[in-house]
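Chain residues, written in single-letter form:
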Amino acid sequence: MDIELMLKVYPFFLKAAWITILLSVLTAGLGLICGILGASARLSRFSIVRFLGAAYVSVFRGTPALIQLFILYFGGPQIGIQLDAFEAGVIGLGINAGAYMTETIRGGIISIDRGQREAARTLGLSRWQTTYKVILPQAARLLVRPLGVNLNMLIKATALVAAISVIELTYTAQRYIGSTYKPFEMFLLAGVLYMIIIYATGRGVAWLDRKVRIN
Amino acid sequence: MTEHTHFVEIRHAQKSYGALEVLKDISLNVERGQIVGIIGSSGSGKSTLLRAINDLDPLTGGEVWLDGIQVNKSLPHRQYEKHINAMRQQIGMVFQHFNLFPHMTVRENVAMAPKLLKEISKEEANQLAAEQLDHVGMLERIDYYPSQLSGGQKQRVAIARALAMKPKLMLFDEATSALDPELVEEVNQVMKKLAEEHMTMIIVTHEMDFAASVCDRVLFMDKGVVVEEGPPEVVLENPSQKRTREFLRKHIEGAS
Ligand SMILES: Nc1ncnc2c1ncn2[C@@H]1O[C@H](COP(=O)(O)OP(=O)(O)OP(=O)(O)O)[C@@H](O)[C@H]1O
Ligand SMILES: [Mg+2]
């Protein structure tokens, strides 16, 4: 194993790791927004809205994320959507992650005991007051861990955007293989950096979970 | 138009779940300050009737009136929501399993609804919460979380939470059924105190002694109908209906 080479290219990989982190943060943010909207739709009183929510989940969980990215990035211009690779990556992965988060968030909300909603409505709170004062604060606490799982998957899924030439960790590894012919070292380096990112995120999630848990 | 001269008026209440008829044409009047007990075996429709009063389980037929206003009147969705929220503020409800909000302290549990729904400041709402908690003997635990309380204490907080909205009517659905026997009395004491203060109450209970001591009137329900109704010394001690006698006999056997 060529340790010397790994140390030499390491700073470039570190820079690429920051792109992966930025990509993950933006994707997670967009995913969370889509997930909240999707879960609200899935739980709407209107059947048409519920249907749209269910359709969103089926379509984006039912097709490969890579195909979704390709449609957006390569197919987009044909229907008037011009995005650079990074934008396409964030939007494509964010919408995809949102479909998974929709189901996670919905699960959290429906797991709150029915009696909680009843008690709040009995006091005279409106639907919306009940949701944001009683249901969401409890669901949010329950959701830290399962959303942490979504986050873990999402970080790994950012590797897919190498296929549309976003210069993140995986793409960087591939590029250095072209000049060094050392795939083992290059992918190992990328893998170690992914692991560090995911480990740190996992610790963060566990910390947050402990902090917000009710006793 | 019929006149509504009773404080609470249930007229021809009917409720079905598909083919299952759970309430069959029940009518009931309760006067201001009266305390009505509802007894009956499991599945007879006691909870369904109680929960119809604040429209938690909407009736499929019939009317509920409180103090001259129809609770379950038919209105377009938005208007109905406004109407029912206003009505529910006047009807306190206490559940078997307390349903306290676990993410809030005792104070927040009690102060939240007044803070949101009444035009009072945060300080006034907290003051109100303290008063109500004092009333049920829970002032010392005001900064605790529900998980740090015993069942009896939880139920007393739940009563204070309902009282903080200054309801005209209180509904109790087996408030002591989930409690360890030694914790029942502290909750019964609070309910007796409310009775002395002339709170109008409808109480679903399995405790015949308690019903006998606080209720002005007792209803025995079976299979969705009111079989017998009258003063507790009649319904509980000298019932005229065979079904009531059977229920009480089984109940005594089950309790001993
Ligand atoms: N959501 C529902 N869907 C279908 N059936 C229901 C529903 N809720 C209640 N029921 C049925 O209605 C009947 C009356 O139920 P209810 O809860 O009012 O009885 P209860 O007298 O309060 O009994 P318990 O003493 O066990 O609390 C029961 O047969 C019950 O199975
Ligand atoms: Mg019941």
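Only a predicted model underlies this, so the values are computations on that prediction, with no experimental measurement involved. Along each chain, numbering runs from 1 in the same order as the chain's sequence is written. All chains are assigned letters beginning with A, and all ligands numbers beginning with 1, in the order in which they are written. Local features in this predicted model are restricted to residues whose pLDDT is 70 or higher, and side-chain atom pairs enter the listing and the counts only when it is 80 or higher, whereas totals over whole chains, interfaces and linings include all residues. Values reported for side chains reflect all heavy atoms of the structure, with hydrogen atoms and water molecules removed beforehand.

Considering the confidence of the model for chain A
Then, number 1: Known as pLDDT, the predictor's per-residue confidence is scaled from 0 to 100. Summing up the model confidence of chain A, the mean pLDDT is 93 and the portion of residues at 70 or higher is 99%.
Then, number 2: Here helix α7 (residues 169-180) of chain A stands out as the element of chain A with the lowest mean pLDDT, 90, in contrast to helix α2 (residues 47-61) of chain A, whose mean of 97 is the highest. Every helix listed is a DSSP run of H or I at least four residues long, and every strand listed is a run of E at least two residues long, numbered separately from the N terminus.

As for empty space enclosed by the protein
Then, number 1: Of the grid points, spaced at 1 Å and generated over the protein atoms alone, those admitting a 1.4 Å probe that cannot get out make up cavities, while open sets with protein on both sides within 12 Å along at least five of seven lines make up pockets; any residue with an atom within 4 Å of a point is treated as lining. Grid points are joined across faces, edges and corners, and a volume is the space filled by probe spheres set on the points. Under the criterion given, the structure shown has two cavities of 30 Å³ or more.
Then, number 2: Lining the largest cavity are Phe-172, Glu-174, Ala-175, Thr-176, Asn-188, Met-191, Ile-203, Val-204, Thr-205, Glu-207 and Phe-210 of chain B.
Then, number 3: Those elements giving two or more residues to the lining of the largest cavity turn out to be α6 (181-196) and β8 (200-204) of chain B.
Then, number 4: In terms of residue class, the lining of the largest cavity is made up of six nonpolar, three polar and two charged.
Then, number 5: Size it by volume and the second largest cavity reaches roughly 40 Å³.
Then, number 6: Surrounding the second largest cavity, Ala-119, Thr-122 and Leu-123 of chain A together with Met-93, Phe-95, Ala-158, Arg-161 and Ala-162 of chain B form its lining.
Then, number 7: Listed by contribution, the elements that provide at least two residues to the lining of the second largest cavity are α5 (114-123) of chain A together with α5 (151-163) of chain B.
Then, number 8: Following the grouping adopted for this structure description, the nonpolar residues are Ala, Val, Leu, Ile, Met, Phe, Trp, Tyr, Cys and Pro, the charged ones are Asp, Glu, Lys and Arg, and the polar ones are all others, Gly among them. The residue makeup of the lining of the second largest cavity, split by class, is six nonpolar, one polar and one charged.

Some points on a nonpolar patch on the surface
All names here are of chain A.
Then, number 1: To count toward a patch, a residue needs a relative accessible area over 30% and no salt bridge; like charges are then connected within 9 Å, while nonpolar side chains (Val, Leu, Ile, Met, Phe, Trp, Tyr) are connected within 5 Å. Accessible surface area values rest on a Shrake-Rupley calculation with a 1.4 Å probe, where residue burial reflects the displayed protein chains alone. Salt-bridge detection follows one rule: a side-chain nitrogen of Lys or Arg within 4 Å of a carboxyl oxygen of Asp or Glu. Where nonpolar side chains cluster on the molecular surface, the patch consists of Met-1, Ile-3, Leu-7, Phe-184, Leu-188, Val-192 and Ile-196 and spans about 720 Å² of accessible area.
Then, number 2: With four residues, the single largest contributor to the nonpolar patch is helix α8 (residues 183-212).
Then, number 3: As for its placement among the helices and strands, Leu-7 is situated in helix α1 (residues 3-42).

What to know about the interface of chain A and chain B
Then, number 1: For this analysis, residues touch if any pair of their heavy atoms sits within 4.5 Å. Between chain A and chain B, the residue contacts involve 24 residues of the former and 27 residues of the latter.
Then, number 2: Of all residues in chain A, Arg-121, Thr-122 and Leu-123 of chain A bury the most surface against chain B, accounting for 31% of the area lost on that side.
Then, number 3: Inspection of the chain A/chain B interface yields three salt bridges.
Then, number 4: Here Glu-118 of chain A ties to Arg-51 of chain B by a salt bridge, and the two come within 2.7 Å at their closest N and O atoms.
Then, number 5: We define a polar contact as two N or O atoms separated by no more than 3.5 Å, with the added condition that, inside protein, one atom must be a possible hydrogen donor and the other a possible acceptor, whereas residues neighbouring each other in sequence contribute only through side-chain atom pairs. Counting across the interface, chain A meets chain B through seven residue pairs in polar contact (both at pLDDT 80 or more).
Then, number 6: For the side of chain A that touches chain B, the secondary-structure elements that each account for two or more residues are α5 and α6 (127-157) of chain A.
Then, number 7: Ranked by residue count, the leading element in the side of chain A that touches chain B is α5 of chain A, at nine residues.
Then, number 8: Looking at the side of chain A that touches chain B residue by residue, the class counts come to eight nonpolar, eight polar and eight charged. Simply put, the buried area is the total loss of 1.4 Å probe accessible area from both parts when two parts are fitted together.

A short note on the side chain of Arg-121 of chain A
Then, number 1: Counting through the fold element by element, Arg-121 of chain A comes out in helix α5.
Then, number 2: A residue is classified by how much of its surface remains accessible, and Arg-121 of chain A, at 9% relative accessible area, is buried.
Then, number 3: Here Glu-81 of chain B takes part through its side chain, which lies 3.0 Å from a polar atom of the side chain of Arg-121 of chain A.
Then, number 4: Sequence-distant contacts of Arg-121 of chain A, that is, excluding residues within four places in its chain, are made with Ser-126, Arg-127 and Thr-130 of chain A together with Glu-81, Ile-84, Asn-85 and Arg-88 of chain B. Burial here depends on accessible area, computed with a 1.4 Å probe over protein chains only, as a share of the maximum for the residue type. Under 20% is buried, over 50% is exposed, and the range in between is partly exposed.

Here's the deal with the site of ligand 1
Residue and element names in this part refer to chain B.
Then, number 1: If even one non-hydrogen atom of a residue comes within 4 Å of a molecule or strand, that residue is called near it. Every residue close to ligand 1 is listed here: Tyr-17, Val-22, Ser-41, Ser-42, Gly-43, Ser-44, Gly-45, Lys-46, Ser-47, Thr-48, Glu-174 and His-206.
Then, number 2: Backbone polar atom of Gly-45 to an oxygen atom of ligand 1: 3.0 Å apart, as the coordinates give it.
Then, number 3: The contact in question runs from an oxygen atom of ligand 1 to an N or O atom on the side chain of Glu-174, over 3.3 Å.
Then, number 4: Out of a free accessible area of 640 Å², ligand 1 has 59% covered by protein chains.
Then, number 5: Considering every element that reaches the shell around ligand 1, the biggest residue donor is helix α1 (residues 46-53), with three residues.
Then, number 6: Residues belonging to the shell around ligand 1 are distributed by class as follows: two nonpolar, eight polar and two charged.

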